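# Examination of the molecular architecture
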Amino acid sequence: WQHKAGLRLAGPESAAAPETSAAPLAATGSRGYAESGFAEAIHTLRNSILLSSFEVPLKSILISSATPQEGKTTVATHLAMAHAEHNRRTLLIDADLRRPGIADLLSIHAGPGLAAVLSDGLIWRDKLVKHEALPCLDILTAGKASRRVVSLIGRGLPNILEEAEKDYDLVVVDAPPLLGFPEPMEMATLVDGVVVVTLAGKTNRKAVGSVLSTLRRIRAHTLGIVLNEVSQEHGEGYYYYGSKYYRHYHPDKSE
């Protein structure tokens, strides 16, 4: 796996204020995770989120993006892995039932996953997948993507989160993009905090501003914005955004 990883974490107000510059976390073009600057950036991201001064420790985090293909699944997966590496019990949930990607990213068997839990009333703990290299990490894959199951997530996810937060130090939820789909906004109100992943050179600043405004309106707790794939050639004058990305975002595709 190869990922050009320059990650920046900014406060949620930064997208609405072009003059604000986020401090860089890391930048690399190296192959691999553990030996790359991307791993360092992910661990720094974890510390920036979880070691900040909150009155109540964060137990659940939703990772999403404004539009598809901005790296949210990669960030969510490796953030969960980094937390598990600290011997913290971690649950990673693939709640992107439109276009699941965690099973493919980790090369694990998807199994029935969350879709079966929601549609068939199964016990979610029975559908967890273990990570061989990280005993503290459990994964609830999305299962078979289906538009029909999408409508059930608002009813089933609250119960899963309530039970999981008692057993795990952190629950990381990978959600669909926040623009264009109703369920990620509903999910955002169920977790302790939301992280919005953006892609340098692609994400539209106005789109991010729209997402942040909506999150504020529904009173979701926005932790910050991750700027993904940062490199020196990226200046402040980005981004590109088009609805064409949504035409290819459906249950038959993987992220």
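Shown above is the structure to which this text applies.
All values derive from a computational prediction rather than experimental measurement.

The buried fraction of strand β4 (residues 90-94) is high, at five of five residues. Judged by which residues are buried, β4 turns out to be covered on both faces: Thr-90, Leu-92 and Asp-94 on one side and Leu-91 and Ile-93 on the other are all buried. Pairing of β4 with strand β6 (residues 134-140) involves four bridges; the strand directions are parallel. Residue pairing across strands places Leu-92 opposite Ile-139, the latter belonging to β6. Sheet topology note: the β4/strand β7 (residues 170-174) ladder contains five bridges and is parallel.

What follows deals with the pattern of salt bridges. The full count for this structure, using the stated rule, is seven salt bridges. The salt bridge involving Lys-72 is made with Asp-96; its shortest N-O contact spans 3.0 Å. In this pair, Lys-72 sits in helix α2 (residues 72-85) while Asp-96 sits in the loop between β4 and α3 (102-106), placing the two residues 24 residues apart along the sequence. The pair Lys-72 / Asp-96 is uniform in exposure class, with both members buried. The residue Arg-125 makes a salt bridge to Glu-163 at a minimum N-O spacing of 3.3 Å. Remark: Glu-163 occurs in helix α6 (residues 153-167) and Arg-125 occurs in the loop between α4 (113-120) and β5 (129-131); sequence separation between them is 38 residues. By relative accessible area, which is 38% here, Arg-125 ends up partly exposed.

Further remarks concern the nonpolar core. Of all hydrophobic cores here, the largest spans 40 residues; its most connected members are Ile-93, Leu-97, Leu-114 and Leu-215. Excluding anything up to four places from it in sequence, Leu-114 contacts Ile-93, Asp-94, Ala-95, Leu-97, Leu-140, Thr-141, Ala-142, Gly-143, Ile-153 and Ile-160.

Parameters and conventions
- Residues numbered from 1 in each chain as written.
- Predicted model: local features only at pLDDT ≥ 70, side-chain atom pairs only at ≥ 80, totals over all residues.
- Heavy atoms only, no water.
- Buried < 20%, exposed > 50% of the residue type's maximum accessible area, 1.4 Å probe, protein only.
- Helix = DSSP H or I, 4+ residues; strand = E, 2+ residues; numbered from the N terminus.
- Pairing = 2+ DSSP bridges.
- Salt bridge = Lys/Arg side-chain N within 4 Å of Asp/Glu carboxyl O.
- Core = buried A, V, L, I, M, F, W, Y, C linked by side-chain atoms within 4.5 Å.
- Contact = heavy atoms within 4.5 Å.

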